[in-house]
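The lines below spell out each chain.
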Amino acid sequence: MPETDFEEKMIVVRRTAKTYQGGRRFRFGALVVVGDRQGRVGLGLGKAKEVPIAVQKAQNYARRSLVEVPLQGGTIPHEIQVTHGSSTILLRPAAPGTGVIAGMVPRAILELAGVTDVLTKELGSRNPVNIAYATMEALRQLQTWQDVKRLRKEEVA
């Protein structure tokens, strides 16, 4: 599996502060998505005292958490709604030519997964980290009808 065919996209960089006697100390959290635009996508959250190190950690975590997305002609096989924390994401298949109609976070993940036509809606909290995790869980749960038939131990025609 060559590593060069993956694209990376930084979704968000968060800064957190802890107050000490001499002042504040800052740490950074970077949320990065990697994908090959052909059905493989991963998400990573890296934390460090400096932004470049946090981004590097996030890229490594994302490469380790790759998910296979079952694509059907550029869209997803079925509608799905997933909740993570208080954030909910709704993904719906769309007709060819529709494009990726999504917010900033789901758009980055779906485009790098190779989805070209999909409708999405963020419900509840719009926290980027929770929306990202909910979107990844939704992609993990997608199944084609052949997968479902196999699970039901029926013969696939």
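None of the values given here were measured: they were computed from a predicted structure.

Enquirer: Would you explain the environment of E111 in this entry?
Expert: By the element assignment, E111 lies in helix α2 (residues 104-113). Judged by its relative accessible area of 22%, E111 is partly exposed. Taking the C-alpha atoms as reference, E111 lies 9.6 Å from Q38; in sequence the two are 73 residues apart. Leaving out residues up to four positions away in the same chain, E111 has contacts with K9, R37 and V100. Side chain to side chain, E111 and K9 meet in a polar contact 3.3 Å long.

Enquirer: Just checking my understanding: could you explain the sheet that holds strand β4 (residues 67-68) for this structure?
Expert: Pairing between the strands of a sheet is mediated by backbone hydrogen bonds and can be parallel or antiparallel. With antiparallel pairing, the four strands of this open sheet are ordered in space as β1-β2-β3-β4. Only two strands of the sheet have a single neighbouring strand rather than two, namely β1 (7-20) and β4. In this structure, β1 lies alongside strand β2 (residues 23-35), joined through 13 bridges in antiparallel fashion. Within β2, the residue paired with Y20 across the bridge is G23. Contacting β1, β2 and β3 (40-48), helix α1 (residues 51-64) runs over the sheet at an angle of about 145 degrees to β3. With respect to the sheet, α2 is in contact with β1, β2 and β3, its orientation differing from that of β1 by roughly 140 degrees.

Enquirer: How should the domain arrangement of the protein be read in this particular structure?
Expert: Reports of interface size often rely on the accessible area that becomes lost once the parts have come together. For the protein, the assigned domains read domain 1 (7-67) and domain 2 (69-147). In this structure, domain 1 and domain 2 have C-alpha centres spaced 21 Å apart. Facing the 21 residues of domain 1 at the interface are 17 residues of domain 2. A combined buried area of about 1500 Å² lies between domain 1 and domain 2, and 75% of that area is made up of carbon and sulfur atoms. Applying the counting criterion to the domain 1 and domain 2 interface returns one salt bridge. In this structure, the salt-bridge partner of E111 is K9, at a minimum N-O distance of 3.3 Å. Counting the contacts that link domain 1 with domain 2 gives six residue pairs in polar contact (both at pLDDT 80 or more). Only β1, β2 and β3 provide two or more residues apiece to the side of domain 1 that touches domain 2. At six residues, the largest contribution of residues to the side of domain 1 that touches domain 2 is made by β1. The residue inventory of the side of domain 1 that touches domain 2, partitioned by class, reads nine nonpolar, five polar and seven charged.

Enquirer: Looking at this structure, how should I read the pairing of strand β8 (residues 118-124)?
Expert: Along any regular strand, the residues point their side chains to alternate faces of the sheet. As defined by bridge partners, strand β6 (residues 87-93) adjoins β8 across seven bridges and the pair is classed as antiparallel. Residue pairing in the sheet places P93 in a bridge with V118 of β8. Sheet topology note: the strand β7 (residues 100-101)/β8 ladder contains two bridges and is parallel. Each bridged residue has a counterpart across the sheet, and for V100 the counterpart in β8 is V118. Following the backbone out of β7, through α2 and into the adjacent parallel β8, one traces a crossover that is left-handed.

Enquirer: Can you walk me through the packing of α2 against helix α3 (residues 128-141) in this structure?
Expert: A pair of packed helices is characterised by two quantities: the angle between their axes and the separation of those axes. One can describe the packing of α2 onto α3 by two numbers: an axis separation of 9 Å at closest approach and a directional angle of 35 degrees. The interaxial crossing formed by α2 with α3 has right-handed handedness. Along its contact with α2, which presents V105, P106, I109 and L110, the element α3 presents P128, I131, A132, T135, M136 and L139. Split into classes, the residues belonging to the contact of α2 with α3 amount to nine nonpolar, one polar and no charged.

Cut-offs used in this document
- Per-chain numbering applies: the sequence of each chain, read as written, is numbered from 1 onward.
- This being a predicted model, a pLDDT of at least 70 is required before a residue's local features are given, and a value of 80 or more before pairs of side-chain atoms are given or counted; all residues contribute to the totals for chains, interfaces and linings.
- Calculation of side-chain values draws on the structure's entire complement of heavy atoms; hydrogens and water are dropped beforehand.
- Per the convention used, a helix needs a DSSP run of H or I reaching at least four residues, while a strand needs a run of E reaching at least two, with both numbered from the N terminus.
- Relative accessible area decides the class of each residue, using a 1.4 Å probe on protein chains only: under 20% of the type maximum gives buried, over 50% gives exposed, and in between gives partly exposed.
- Residues count as neighbours in contact if any of their non-hydrogen atoms are within 4.5 Å of one another.
- Whenever two N or O atoms come within 3.5 Å, that pair is a polar contact, provided that in protein one can donate a hydrogen and the other can accept it, and provided that, for residues adjacent in sequence, both atoms are side-chain atoms.
- When DSSP finds two or more bridges between a pair of strands, those strands are recorded as paired.
- Axis geometry follows a simple rule: fit a line to the C-alpha atoms, using only the stretch in contact for helices, then measure angles between N-to-C directions, giving values from 0 to 180 degrees.
- Domain borders in the structure are assigned automatically or taken from a domain database.
- Note on definitions: buried area is the accessible-area loss of two parts on being combined, 1.4 Å probe, summed for both.
- One side-chain nitrogen of Lys or Arg within 4 Å of one carboxyl oxygen of Asp or Glu is enough to make a salt bridge.
- Residues are grouped as follows: nonpolar covers Ala, Val, Leu, Ile, Met, Phe, Trp, Tyr, Cys and Pro; charged covers Asp, Glu, Lys and Arg; every other residue, Gly included, is treated as polar.
- Assignment of crossover handedness uses the view with strands pointing away from the viewer, where a clockwise path from the first strand over the helix to the second indicates a right-handed crossover.
- Definitions for this section: a left-handed crossing has its near helix turned counterclockwise from the far helix by less than a right angle. A right-handed crossing has that turn clockwise.

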